[in-house]
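Summary of structural features
For reference, the chains in residue letters:
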Amino acid sequence: MSSVSYRSEDFIHQRFLRGDGQDVVHPSERKVLKVLWDHPAVARSELPDFVDLSQQSVYRIIDQLAERGIVAIGPPKPGIGRGQPSPSLTLKGDYAYTCGISVNTDIIGICLTDFSGRIIAESDVILRGQGMNDALAGVREKIASLQTANNLRDENFFGIGFGIAAFYVGGTRYNAPLPLHEWSLIELGPVLAHFFGKPVWVNNNSNTAAIAESMFGVGRHIKHFAYLSFNYGFGGGLISNGELLSGGYGNAGSFSSMYDDEETKHRPALQFLIERLKENGVAVSSIEAMRKNFDPNWPGVAGWVDEITPSYNRLVNAIRAIFDPHAIVFGGQIPERLAEMLISRTSIYERNRYGVSRPAPKLITSEISTDASAIGASIVPFRTTFY
């Protein structure tokens, strides 16, 4: 199957489609569902204030969505308007669930999420030492065990969001670092859809992590931010007004691309910190193991941070100059205490005028403590099609 012919939507099961069999929701229904995501338990009478639709249209849409089991109509929201109280509305979690899969160089994160955004379960599969087929078989087995443990029916399994540590090439092809060479430059969409028997949405896992931060973390109160994804390599994502900016070629936020060949060795990619730790006699088996057991006093840590500080500072100031975000979020697989070390070394290049400087972004650590890229991948199928 060629990249041109693969569309995730073509694999969506008939039970999730509208009566016309074309889409899961109409554009007007999508507007309403987006409000319900942004404002849980909103009163039905409040909805026309958020969407460019008449009250009659909104009420009709809600009735249709409730009949399909997509929206739950709850008790009245107190203190809203006069007269007869208006019922509250929420996304119905048990309508469907998805799976997010995030492939890093050493581990594959897995997350099951229901339609309301509730995380049902998280797990992982060790990738190190496994080929692609064996690793995917392990993921499939893990998903099945999570379904059983959580009493999830396969008929409610909507689809899979898939993130990989790589840059986008075209179609559903990505170019990953050497440890993931087997996953590179192939059409992942049709391969994965056939393997799992579900529609699959493929993305860069720095972008899926940024989406998770936007929908579950910092993005709940900051709508414009840059997300730094510290992994084996180093990348990120850009969130503007709550939406992911992909760029003309799908690689916006590929921050490592600003460095030349020599500078690349001194960028804040965790593969280089692992190497430095090993040189100093600290046995760390993987980036994930380092994240869980990080000690800022390990020999080699302070020296590495000092070495990368100039390139790190240039990056922060480039993001500020070009994107002008309210915040820069430190995420990916970086240990929180390492992120704090970098933040403390940040130098904002400033040329104030008449004693007044431009606003600088807040530098904050991610609000998501588990695998943000897998969580974000799990919400992508719903975000792409429903809200």
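Reference entry: report on the structure contained in this document.

For the structure shown, the criterion picks out 18 salt bridges. Between Arg 276 and Glu 307 there is a salt bridge, and its shortest N-O distance comes to 2.5 Å. Here Glu 307 lies in helix 9 (residues 301-323) and Arg 276 lies in helix 7 (residues 270-279), a separation of 31 residues in the sequence. When the shortest N-O distance is used, the salt bridge between Arg 320 and Glu 350 registers 2.9 Å. In this pair, Arg 320 is assigned in helix 9 and Glu 350 in the loop between helix 10 (336-344) and strand 15 (362-365), connecting sequence segments 30 residues apart. With a relative accessible area of 1%, Arg 320 lands in the buried category. Classification of Glu 350 by relative accessible area gives partly exposed; the value is 35%. Among the charged side chains, a salt-bridge network with shared partners connects Arg 18, Asp 20 and Glu 29.

Our focus in this paragraph is the pairing of strand 14 (residues 327-332). Burial within strand 14 is extensive, with five of its six residues counted as buried. Looking at chain direction, strand 14 and strand 15 are connected through four bridges and run parallel. Residue pairing across strands places Ile 328 opposite Leu 363, the latter belonging to strand 15. With helix 10 bridging strand 14 and its parallel neighbour strand 15, the resulting β-α-β unit is right-handed.

What follows deals with the nonpolar core. Core analysis: the largest hydrophobic core is formed by 50 residues, its most contacted members being Leu 33, Leu 47, Phe 158, Phe 386 and Tyr 387. Where this core is concerned, the elements lending two or more residues are helix 1 (27-38), helix 2 (55-67), strand 3 (87-91), helix 5 (205-216), strand 11 (225-230), strand 14 and helix 11 (372-385). Among all residues touching Leu 47, those that are not within four sequence positions of it are Val 32, Val 35, Leu 36, Val 42, Val 58, Ile 62 and Leu 89. Ile 274, Val 282, Ala 289 and Met 290 belong to the second largest nonpolar core, which has 36 residues in total.

Within the secondary structure, Ser 206 sits in helix 5. Since its relative accessible area comes to 6%, Ser 206 is described here as buried. The spatial distance from the C-alpha of Ser 206 to the C-alpha of Pro 75 is 39 Å, given a sequence separation of 131 residues. With residues near it in sequence (within four places) discarded, Ser 206 still touches Tyr 227, Ser 229, Asn 231, Gly 235 and Gly 236. Engagement of the side chain of Ser 206 in a polar contact is seen with the side chain of Ser 229, the distance being 3.4 Å.

Here we take up the sheet that holds strand 2 (residues 71-76). Read across the open sheet, the three strands follow the order 1-3-2; overall the sheet is antiparallel. Looking along the sheet, the strands with just one partner apiece sit at the ends: strand 1 (42-43) and strand 2. The sheet contact formed by strand 2 and strand 3 spans four bridges and is antiparallel. Following the sheet pairing, Ile 73 is matched in strand 3 by Leu 89. Sitting on the sheet, helix 1 touches strand 1, strand 2 and strand 3, and the angle it makes with strand 3 is about 95°.

Take His 266: it is sitting in the loop between helix 6 (261-264) and helix 7. Residue classification places His 266 among the partly exposed residues on the basis of a relative accessible area of 29%. Counting along the chain gives 39 residues from His 266 to Val 305, while the straight-line C-alpha distance between them is 9.7 Å. If near-sequence neighbours (up to four positions away) are discounted, His 266 is found in contact with Glu 307, Ile 308 and Ser 311. Polar side-chain contacts of His 266 include one of 2.7 Å to the side chain of Glu 307.

Cut-offs and rules
Residues numbered from 1 in each chain as written. Predicted model: local features only at pLDDT ≥ 70, side-chain atom pairs only at ≥ 80, totals over all residues. Heavy atoms only, no water. Salt bridge = Lys/Arg side-chain N within 4 Å of Asp/Glu carboxyl O. Helix = DSSP H or I, 4+ residues; strand = E, 2+ residues; numbered from the N terminus. Buried < 20%, exposed > 50% of the residue type's maximum accessible area, 1.4 Å probe, protein only. Pairing = 2+ DSSP bridges. Right-handed = clockwise from strand over helix to strand, strands pointing away. Core = buried A, V, L, I, M, F, W, Y, C linked by side-chain atoms within 4.5 Å. Contact = heavy atoms within 4.5 Å. Polar contact = N/O pair within 3.5 Å; in protein donor to acceptor, adjacent residues only side chain to side chain. Axes fitted to C-alpha atoms, helices over the stretch in contact; angles between N-to-C directions.

These values are about where atoms sit, not about what they do.
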